[in-house]
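Chain by chain, the residues run as shown.
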Amino acid sequence: MRRAKRQRKHLRTEGPGNSLFGKPFDGGKRMDHGVPQQQHPMEQQQPLYHPQHPAMMRLYEVQKEVASLGPQVCTFSGMQNDRDYKRLERELTRLLLEVDQVDTEGKPELQGARKRAAQEVEGLLRYLEENATHPSRLKIEELSTEARNLVDERVVAPQRAGGVAEISDELVDTLQELVLRLTQVKTEGRVPLRKARYRALTRLCAVQDVLEGRTQQQTLSLPLSGETHEAVNRINQVMVKVSMARSQLVALLMGLSGRDSCAHLSRILTEMQVELDALDVSGDPAIRNYRKQVVEEINGLLKHLDLEVEGDDTRRYDLAHNNSIREIEAVRAHVSHLREGVLRHCMMGDLSFRPKAELQSLLTHLDQVDTAKNPCIREARRRAVVEVQAIITFLDLREALLCRQPGPSEHPSHRAVWLVLGSLSDLQAQVLGFDGKRADKSYMMLEELLTKQLLALDAVDPQGDETTKVARKQAVKFAQNILNYLDMKTDEWEY
């Protein structure tokens, strides 16, 4: 590593690397599905020096190797301690040394060609290092490690110790929170970062599916008694193996298994299926149903064993042209148009514009969007749903405030809650129309005013009045939802 750095300094290259033929390396930005678009040597500008010169021929050989390494560098999504990173760095450093050893005989044309070749290799090295050490890549690794430790402690370790893992709602909720935090990691459009985020998300979501499936299985009154039929004992034995395979799969997905492999586990699960298929259930419906449930669980585990290949499919994590994302964006554009109309009519004091039916139809449309279990598409849909719901709750509260007719017997505390709701309605209108960043003064002002309304609700004493207790609780939830919506609008989330 030190030698490589000394060598790079010795070459004193400046700026982004240029190719041997005068075309600069662009850091992997000019891509088609994650692969840099390389020009064929014959299509590029011809070198000024004779191509049969030994120095030029050697530089041509280097250029060919660089062209083969470029796509690998531009889609590498790992860390600096990964084997592939060390291999790519080693290969590029070797090419850099070979370029430096080319004898230019002091001729400017050859010196220029050598410099451009060195700059291109330098550009790839720089891009490789930048992505592996990028703050977003480190954040992805940090969240992955947090999830790995959690699953190891709660699921894998108890199984290895011969016990039973307790799958609690708290564990499932914590995993869901980690998924949400991963979807919010910014990638700046870089393919390696998108790929790293997608791979981390797919594995964590797969673990969620496995654990949630296991939670449902625990609620069944199974396995059946062995006295029911001789085949039941065999199915019970397979079910024990399935439980062990489930733990192995979770360990594989989270990188906690040093010995097992996806192919080995797939072979074991397939053998279980063959064993179950060979059983004679003698037409007993209960046993047939039992076997069917175990087979379905095995199939559920098998579907998660192809994630390694799936992670290399650029279309999975580069969502710019994804049909579901386009559909969600079309809904969001429609929602934005309706929101502007609602706010415009409210400013004029006209409450007749109430497109609730249209908004409800958009919610139905979003519910039908196919997410293909992609966590990023799921999050995009969730955020679009929140945008629609924010307008609906705003219209509902405006209508409630307009129709409110307090009687003389209304409890003073209940009246205080409604006064706060009136203030919250005005603030929600400002939040719906807000289009800035968290550093803006208007954002900080809105956040402060909403917090003050929460404090005002906290200061309301129900004095034992049940109606006031319920109203205050709902008002607090409403204020928190407005704050959450404001945060969502300003978190600069990306697909």
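Look above for the structure.
Residues numbered from 1 in each chain as written. Predicted model: local features only at pLDDT ≥ 70, side-chain atom pairs only at ≥ 80, totals over all residues. Heavy atoms only, no water.

### Some thoughts on the overall build of the protein
The condition that has to hold: A run of DSSP states H or I qualifies as a helix once it reaches four residues; a run of E qualifies as a strand once it reaches two. Both are numbered from the N-terminal end. A simple rule labels every residue: compare its accessible area, found with a 1.4 Å probe on the protein chains alone, to the largest value its type can have, and call it buried under 20%, exposed over 50%, or partly exposed in between. Note on definitions: a residue-residue contact is assigned when non-hydrogen atoms from the two residues lie within 4.5 Å.
When helices and strands are counted, the protein shows 18 helices and two strands. Burial status across the protein gives 45% buried among its 495 residues. The contacts of the protein with a sequence gap of at least 6 include a subset with a gap of at least 24, amounting to 76%.

### What about the packing of helix α17 (residues 441-459) against helix α18 (residues 466-489)?
In a pair of packed helices, the angle between the axes and the distance between the axes together describe the arrangement. Note the threshold: Axis definition: a line fitted to C-alpha atoms, limited for helices to the stretch in contact. Angles are taken between N-to-C directions and run from 0 to 180 degrees. Every angle not falling under 35 degrees, over 145, or within 65 to 115 is termed oblique; those three ranges are roughly parallel, roughly antiparallel and roughly perpendicular. The hand of a helix crossing depends on one turn: near helix anticlockwise from the far one by less than a right angle means left-handed, and clockwise means right-handed. The nonpolar class holds Ala, Val, Leu, Ile, Met, Phe, Trp, Tyr, Cys and Pro. Asp, Glu, Lys and Arg form the charged class, and all remaining residues, Gly among them, are polar.
The interhelical angle for the contact between α17 and α18, taken along N-to-C directions, is 165°, at an axis separation of 10 Å. It follows from the interaxial angle that α17 and α18 lie roughly antiparallel. Both α17 and α18 take part in a crossing whose hand is left-handed. Note on element contacts: α18 touches α17 through Arg472, Ala475, Val476, Ala479, Gln480, Ile482, Leu483, Leu486 and Asp487, opposite Tyr443, Leu446, Glu447, Leu450, Leu454, Leu457 and Asp458. Taken together, the residues that form the contact of α17 with α18 break down as 11 nonpolar, one polar and four charged.

### Let's talk about the pattern of salt bridges
Operational definition: Here a salt bridge means any side-chain nitrogen of Lys or Arg lying within 4 Å of a carboxyl oxygen belonging to Asp or Glu.
Counted by the stated rule, this structure contains 28 salt bridges. One salt bridge connects Glu387 with Arg339, and the closest N-O pair in it is separated by 3.9 Å. Residue Glu387 is located in helix α15 (residues 375-403), and its partner Arg339 is located in helix α13 (residues 323-347); the two are separated by 48 residues in the primary sequence. Neither Glu387 nor Arg339 differs from the other in exposure class; each is buried. Taken together, the shared-partner salt bridges in this structure form one network comprising Arg58, Glu65, Glu91, Arg94 and Glu98.

### Brief notes about the environment of Leu427
With respect to the element layout, Leu427 can be found in helix α16 (residues 412-433). Residues contacting Leu427, with those up to four places away along its chain left out, are Leu446, Leu449, Leu450 and Gln453.

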